[in-house]
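Chain by chain, the residues:
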Amino acid sequence: MMGDYVLQMKEVSKSFGGVHALKEVDLNLRKGEVLCLVGENGAGKSTLMKILSGVLTPDKGEIILKGEKMSIRNPAEAYRAGISIVHQELIQIPSMSVAENIYLGRYDTKGGFISFRKLVERTEELMEKLDIYFDPESRLSTYSVAQRQLIEILKALSYDASIIIFDEPTAALTTDESELLYKIIRRLKKEGLSVIFISHRMDDIFAVGDRLLCLKDGEVSGEADVKEITVPEIIRMMVGREFSREQKKEREQTKEVIFSVQNLTNKKLQDISFDLNKGEVLGIGGLIDAGRTEVLRAVFGIDPCGGTMFFEGKPICNKSPRDAIANGFSFVPEDRKDQGLILMADILSNVELNILKKVSCGGFMIRQKETGMVNSFVEKLEIKARNIFTRVGMLSGGNQQKVVIAKSLSSEPRIVLLDEPTRGVDVGAKAEIYSIIETLVANGVSVIMVSSELPELISISDRIMVMREGRMTGIMDAKEATEEKIMEMAVN
């Protein structure tokens, strides 16, 4: 039986410019409990956690920690109160070592100098305790996004916190790395630590969750014990309706090859060859670092490569993204915030980046043409924003992703490259992105899509190409594909 509440947030409210982000939200957390916080993007989850971690102050409400009313005015006060957070967006210094990042600002000094030996020892002790091993003295920039996520988890746990918030921690992790995280959380729970776990992935919820709290439009829409709830019931709480990812509609396969790659090779890819048909979705599966993203980057001209590419039977050379766009390609990158968007700019400025010549004359922008074009994309893709002059950084993750897609479609591409297009978005936004893909292929556009979600890969693709260690291990018809077959090709 779990003990009394270690944390209570009562009637917490927060508004931004007259828009209610939170409306009298209650949250209760017990000692040794994993509370899963769910809801669509924009539901208020991050705002609530920013208040708890001292980034924001509430307009109304109170925080009671271990029976005492608290006023958490900044992150330093949150850390001192025993509250630590693993952010979805990594806050790290790549040029510094693993140990320096974990204990940033908390170095042991002797005679005014940092004791790096002591720093390394503390890091090794922390890693041994949690069964996560990296070279403490190695530079952070040498690690992948997934590995850096685990290092960020180590940093959060280094504060000796009693409450740890995980914000979408598995978004960039492989299945094995996710299982390691689950193991860590179960261990923390046994030691009496309390966890708030934010995730869109149902596997996460059922793997580690005890209770679930759902937010919708800034209000609590439901609460339940994880053992007593089903996936459809959770989704109903989140979106207010049933949701299921239906199998793709039967598409007419013309077998007309629109794009062909022969012997694509660079430092990370070895002899990749495949054909892409008109109006087809070619999925790319495999483990992280298998070369999936590298295929898209090479095709789009971001990374140099050898080999030959043919578009409609004619040889082409995408030496740069500019060449690729001119040749009828567009690219939606995996990391939308760093690679796909200018967060400080508005929707209008982001969407028109690829087509500045089309909406300008003599070096001057034609306002009527650019606003008309961008407004049409906002309407078609159902981007939820006050207007096209809304700063992209203020949008939810799902709407940011749709802005990236709008930008990629603005050049009227014949081939669209999608790298993890639904990563970090809620189930409602996923359904809308699937609908966008269906509309594209129905209009004869061809799609190459990387996805780590195998059910998604199977349900959206017509054929699936599997990668392993920079090599293509095979291509199969999606109708014959199973998760087991894909994984077998990915590891053997």
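Quantities reported herein were computed from a predicted structural model and do not represent experimental measurements.

What follows concerns the packing of aromatic side chains. Evaluation of the coordinates by the stated rule reveals seven aromatic pairs. Taking 5.1 Å as the distance between ring centres and 80° as the angle between the ring planes, the aromatic pair formed by F134 and Y143 counts as edge-to-face. Assessed through its relative accessible area of 13%, F134 is described here as buried. Residue class for Y143 comes out buried when judged on its relative accessible area of 17%. Between F166 and F197, the aromatic rings sit 6.1 Å apart at their centres with planes inclined by 35°, giving tilted as the arrangement. Remark: F197 occurs in strand 10 (residues 194-198) and F166 occurs in strand 9 (residues 163-167); sequence separation between them is 31 residues. Overall, the relative accessible area of 0% leaves F166 in the buried class. Counting every residue linked through ring pairs, the aromatic cluster contains F259, F274, F311 and F329. A cation over a ring is seen here: R122 above Y103, with NZ or CZ 4.0 Å from the ring centre.

The next subject is empty space enclosed by the protein. Applying the stated criterion to the full structure yields one cavity of 30 Å³ or more. In this structure, the largest cavity spans a volume of roughly 40 Å³. Along the walls of the largest cavity sit V332, I405, S408, L409, V416, L418, I433, I436, I437 and L440, which together make up its complete lining. Looking at the lining of the largest cavity, the elements that each hand over two or more residues are helix 14 (397-409), strand 21 (415-419) and helix 15 (427-442). Per-element tally for the lining of the largest cavity: the top contributor is helix 15, with four residues. A per-class count over the lining of the largest cavity returns nine nonpolar, one polar and no charged.

Even without being glycine, E412 reaches a positive phi, approximately 55°. By secondary structure assignment, the location of E412 is in the loop between helix 14 and strand 21. Not every positive phi belongs to a glycine, and E420 is a case in point at roughly 50°. Mapped onto the fold, E420 is located in the loop between strand 21 and helix 15.

On to the packing of helix 5 (residues 145-157) against helix 6 (residues 175-190), then. Taken N-terminus to C-terminus, the directions of helix 5 and helix 6 make an angle of 10°; their axes are 11 Å apart at the nearest point. As the angle between them shows, helix 5 and helix 6 are arranged roughly parallel. Side by side, helix 5 and helix 6 meet where A146, L150, I153 and L157 of the first sit next to E177, L180, L181, I184 and L188 of the second. Its residues placed into classes, the contact of helix 5 with helix 6 shows eight nonpolar, no polar and one charged.

Positionally, Y143 belongs in the loop between helix 4 (116-130) and helix 5. For Y143 and E453, which are 310 residues apart along the polypeptide, the C-alpha to C-alpha distance reads 22 Å. Sequence-distant contacts of Y143, defined by excluding residues within four places in its chain, comprise V98, F134, D135, S138, R148 and I151. Within the structure, the side chain of Y143 is placed 2.6 Å from the side chain of S138, a separation counted as a polar contact.

Moving on: the layout of surface pockets. The calculated volume of the second largest pocket comes to roughly 1,400 Å³. Taken together, 39 residues make up the lining of the second largest pocket; nearest its centre are V145, E334, D335, Q339 and R423. Elements with a minimum of two residues in the lining of the second largest pocket: helix 5, helix 9 (292-299) and helix 11 (336-340). Partitioned by chemical class, the residues of the lining of the second largest pocket number twelve nonpolar, nine polar and 18 charged.

Let us now look at the sheet that holds strand 18 (residues 329-332). Strand pairing in a sheet takes place through backbone hydrogen bonds and is either antiparallel or parallel in direction. One open sheet holds the six strands; their spatial order is 18-21-22-15-23-24, and the pairing between them is mixed. With partners counted over all chains shown, the strands left at the sheet margins are strand 18 and strand 24 (471-477), one partner each. For this sheet, the mean angle separating the axes of adjacent strands, direction not counted, is 20°. In this structure, strand 23 (residues 463-468) lies alongside strand 24, joined through six bridges in antiparallel fashion. Residue pairing across strands places I464 opposite M476, the latter belonging to strand 24. Those strands touched by helix 17 (residues 483-491) are strand 23 and strand 24, and its axis lies near 30° from that of strand 23.

The rules we used
- Residues numbered from 1 in each chain as written.
- Predicted model: local features only at pLDDT ≥ 70, side-chain atom pairs only at ≥ 80, totals over all residues.
- Heavy atoms only, no water.
- Phe/Tyr/Trp six-rings, centres within 6.5 Å; stacked < 30°, edge-to-face > 60°.
- Buried < 20%, exposed > 50% of the residue type's maximum accessible area, 1.4 Å probe, protein only.
- Helix = DSSP H or I, 4+ residues; strand = E, 2+ residues; numbered from the N terminus.
- Lys NZ or Arg CZ within 6 Å of the ring centre and 35° of its normal.
- 1 Å grid on protein atoms, 1.4 Å probe; cavity = no way out; pocket = protein on both sides within 12 Å on 5 of 7 lines; lining within 4 Å.
- Points joined across faces, edges and corners; volume = space filled by probe spheres on them.
- Nonpolar A, V, L, I, M, F, W, Y, C, P; charged D, E, K, R; others polar.
- Axes fitted to C-alpha atoms, helices over the stretch in contact; angles between N-to-C directions.
- Parallel < 35°, antiparallel > 145°, perpendicular 65-115°, else oblique.
- Contact = heavy atoms within 4.5 Å.
- Polar contact = N/O pair within 3.5 Å; in protein donor to acceptor, adjacent residues only side chain to side chain.
- Pairing = 2+ DSSP bridges.

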